[in-house]
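This is what each chain is made of:
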Amino acid sequence: VWWAWQSRMASRFKSSKYRNAVAVAPRENILSEIKAAAPNCYGNLVAASCQFKAFPWESSGGSLAVLPLFESGRLASGVPLLQAHSGIVTDFQFSPFDDCLLATGSDDLSVRLWRIPPDGLTESLSLPETTLKGHEKRVEGVLFHPTASDVLTSSCGNTVRVWDIQNNSEKLSLSPHSDVVQSMSWRGDGTTLATSAKDKKIRLLDPRANSCIAEVDGHRGVKESKVLFLGDSDYVISTGFSTSRQREFALWDAREFSKPLTRSTLDSSTGVLIPLYDEDTRMLFLAGKAESNIRYLDLTDLEKRPHYVEGQCWCE
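Residues numbered from 1 in each chain as written. Predicted model: local features only at pLDDT ≥ 70, side-chain atom pairs only at ≥ 80, totals over all residues. Heavy atoms only, no water.

K.L.:
How do you make sense of the overall build of the protein when you look at a structure like this?
P.N.:
Looking only at helices and strands, the protein has 1 helix and 26 strands in total. Here the protein holds 316 residues, and the buried ones make up 48% of them. Taking as baseline every contact in the protein between residues at least 6 positions apart, the subset at least 24 positions apart corresponds to 42%. Accessible surface, the protein as shown: approximately 15900 Å² in total, 49% of it carbon and sulfur. (Helix = DSSP H or I, 4+ residues; strand = E, 2+ residues; numbered from the N terminus. Buried < 20%, exposed > 50% of the residue type's maximum accessible area, 1.4 Å probe, protein only. Contact = heavy atoms within 4.5 Å. Areas by Shrake-Rupley, 256 points an atom, 1.4 Å probe, with all protein chains shown as cover.)

K.L.:
When you look at the pattern of salt bridges in this model, what are you seeing that I'm missing?
P.N.:
Opposite charge on two side chains permits pairing when their charged atoms draw close. Summed over the entire model, instances satisfying the criterion amount to 20 salt bridges. One connected set of salt bridges, linked through shared partners, spans Arg-187, Asp-189, Asp-234, Asp-253 and Arg-255. (Salt bridge = Lys/Arg side-chain N within 4 Å of Asp/Glu carboxyl O.)

K.L.:
What am I meant to see in unusual backbone geometry here?
P.N.:
Glycine aside, a negative phi is what most residues show, and trans is what most peptide bonds show. Positive phi, close to 55 degrees, is recorded for Asn-168, a residue that is not glycine. Here Asn-168 shows up in the loop between strand E13 (159-164) and strand E14 (169-174). We classify Asn-168 as partly exposed; its relative accessible area is 41%. Positive phi is not limited to glycine here, since Ala-290 has a value of about 65 degrees. Within the secondary structure, Ala-290 sits in the loop between strand E24 (283-288) and strand E25 (293-300).

K.L.:
Even after reading the chapter, I still don't get the side chain of Arg-161, so can you show me in this structure?
P.N.:
Checked against the element boundaries, Arg-161 lands in strand E13. By relative accessible area, Arg-161 is classed as buried at 7%. There is a polar contact of 3.2 Å between the side chain of Arg-161 and the side chain of Glu-170. Residue contacts for Arg-161: discarding those within four places in its chain leaves Gly-134, His-135, Glu-136, Leu-152, Thr-153, Ser-154, Cys-156, Glu-170, Leu-172 and Ser-173. (Polar contact = N/O pair within 3.5 Å; in protein donor to acceptor, adjacent residues only side chain to side chain.)

K.L.:
Got a minute to help me understand the environment of Gln-93 in this structure?
P.N.:
By secondary structure assignment, the location of Gln-93 is in strand E7 (residues 89-94). Using a relative accessible area of 22% as the deciding quantity, one classes Gln-93 as partly exposed. With near-sequence residues (within four places) excluded, Gln-93 lies in contact with Ala-47, Leu-101, Leu-102, Ala-103, Val-142, Leu-143 and Phe-144. Among the polar contacts made by the side chain of Gln-93, one reaches the main-chain amide nitrogen of Phe-144 at a distance of 2.7 Å.

K.L.:
When you look at the sheet that holds strand E22 (residues 262-265) in this model, what are you seeing that I'm missing?
P.N.:
Backbone hydrogen bonds are what pair the strands of a sheet, in a parallel or an antiparallel way. Here we have 4 strands laid out as an open sheet, ordered E19-E20-E21-E22, and antiparallel in their pairing. Since the sheet does not close on itself, it has two edges, and those belong to strand E19 (226-229) and E22, each with one partner. Taken pair by pair, the neighbouring strands of this sheet meet at an average axis angle of 15 degrees, ignoring direction. Alignment of E19 against strand E20 (residues 235-241), held across 4 bridges, turns out to be antiparallel. By the bridge assignment for E20, Lys-226 is matched with Thr-239. (Pairing = 2+ DSSP bridges. Axes fitted to C-alpha atoms, helices over the stretch in contact; angles between N-to-C directions.)

K.L.:
Is there a simple way to explain the side chain of Lys-226 in this structure?
P.N.:
Inspection of the secondary structure puts Lys-226 in strand E19. Here Tyr-42 takes part through its backbone oxygen, which lies 2.5 Å from a polar atom of the side chain of Lys-226. Excluding residues that lie within four positions of it along the chain, Lys-226 makes contacts with Tyr-42, Gln-182, Ser-183, Ser-196, Ile-237, Ser-238, Thr-239, Val-272, Leu-273 and Pro-275.

K.L.:
Teacher, can you tell me more about the sheet that holds strand E10 (residues 130-132) here?
P.N.:
Strand order across the open sheet formed by 4 strands is E7-E8-E9-E10, with antiparallel pairing between neighbours. What marks the edges here is a single partner per strand, and that holds for E7 and E10. Strand-to-strand twist in this sheet, taken as the mean axis angle between neighbours without regard to direction, amounts to 20 degrees. With 3 bridges joining them, strand E9 (residues 111-115) and E10 adopt antiparallel strand pairing. The partner of Leu-113 across the bridge, within E10, is Thr-130.

K.L.:
I tried to follow the pairing of E7 on my own but got confused; where do I start?
P.N.:
Working note: regular strand, side chains alternate between the two faces of the sheet. With respect to burial, E7 is a largely interior element, 5 of its 6 residues being buried. Bridge count for E7 against strand E8 (residues 101-106) is 5 bridges, and the pairing is antiparallel. Of the residues in E8, the one forming a bridge with Gln-93 is Ala-103. Between the end of E7 and the start of E8, which pair antiparallel, lie 6 residues.

K.L.:
Would you explain the packing of aromatic side chains in this entry?
P.N.:
Any two aromatic rings considered together are summarised by their centre-to-centre distance and by the angle between their planes. The tally for this structure, following the rule as stated, stands at 2 aromatic pairs. Centroid distance Phe-55 to Trp-57: 6.2 Å. Interplanar angle 40 degrees. Geometry classified as tilted. Here Phe-55 matches Trp-57 in class, with each residue buried. The interplanar angle of 45 degrees and the centroid separation of 5.5 Å between the aromatic rings of Trp-252 and Phe-257 together place this pair among those described as tilted. This pair shows no difference in class: Trp-252 is buried, exactly as Phe-257 is. (Phe/Tyr/Trp six-rings, centres within 6.5 Å; stacked < 30°, edge-to-face > 60°.)

Encoded structure:
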């Protein structure tokens, strides 16, 4: 009994070795004079591979700046652009299997795949490698499969589509949502897809069975929510807003999905929280749109009694 009590207390008051971490970016590593756009969409506003970084460029149409990952200093005028779409780019992601392959989605109802030259763009690029058509509404999200290099997922309205990009064909579509899909996340082994939607539901989809295997009430606020599988584990993090407009996050177990393991309120800021997870260190980062501070949670003992230690850092 004494040993159990000590273990429980140690777990409860455990401190994190990252608790006092501070993000300090050397000025020589900062990229300045960029003309980044901020389109009104649910998707990414920045993406990176091991070779490149990409972000929306302030111009007419849907253009992205694609730069070498470690490029820094003042950005010269007349930078070559990826002229991706006729409408705004709503989401984009690099392939986890190919640092030079970039997928983009747009409100022009298409998904495109781009081959970035290994040495980077020396002139603007407007010819895609592949265009995936068939979306009836604007594309809200694009997401590569974590274990199959030729599989890409897209969301459009209340529908999720799974594509074979090698053969440029749609393999299946799932429409269990009653409103627009706002966020998608694959489990690390690629067996299950988690989604959050404007209908305030969080769902688990099994593409192999072409079915929704679990559905639960998520965050009750009217603003956007996000969902993220924690690597290969059965745990899912969701972020959103409460009915009183407080930002919150919740931790779920996919095996018992009826209610969250924990739900925590953060603050009353208005920026949508974007969850990012590092499986190696088990660190969860919560970055708010248009904010200069990033919260981080040290998630420990997920297999036993999930808990977290919270810290916060600021970025210039």
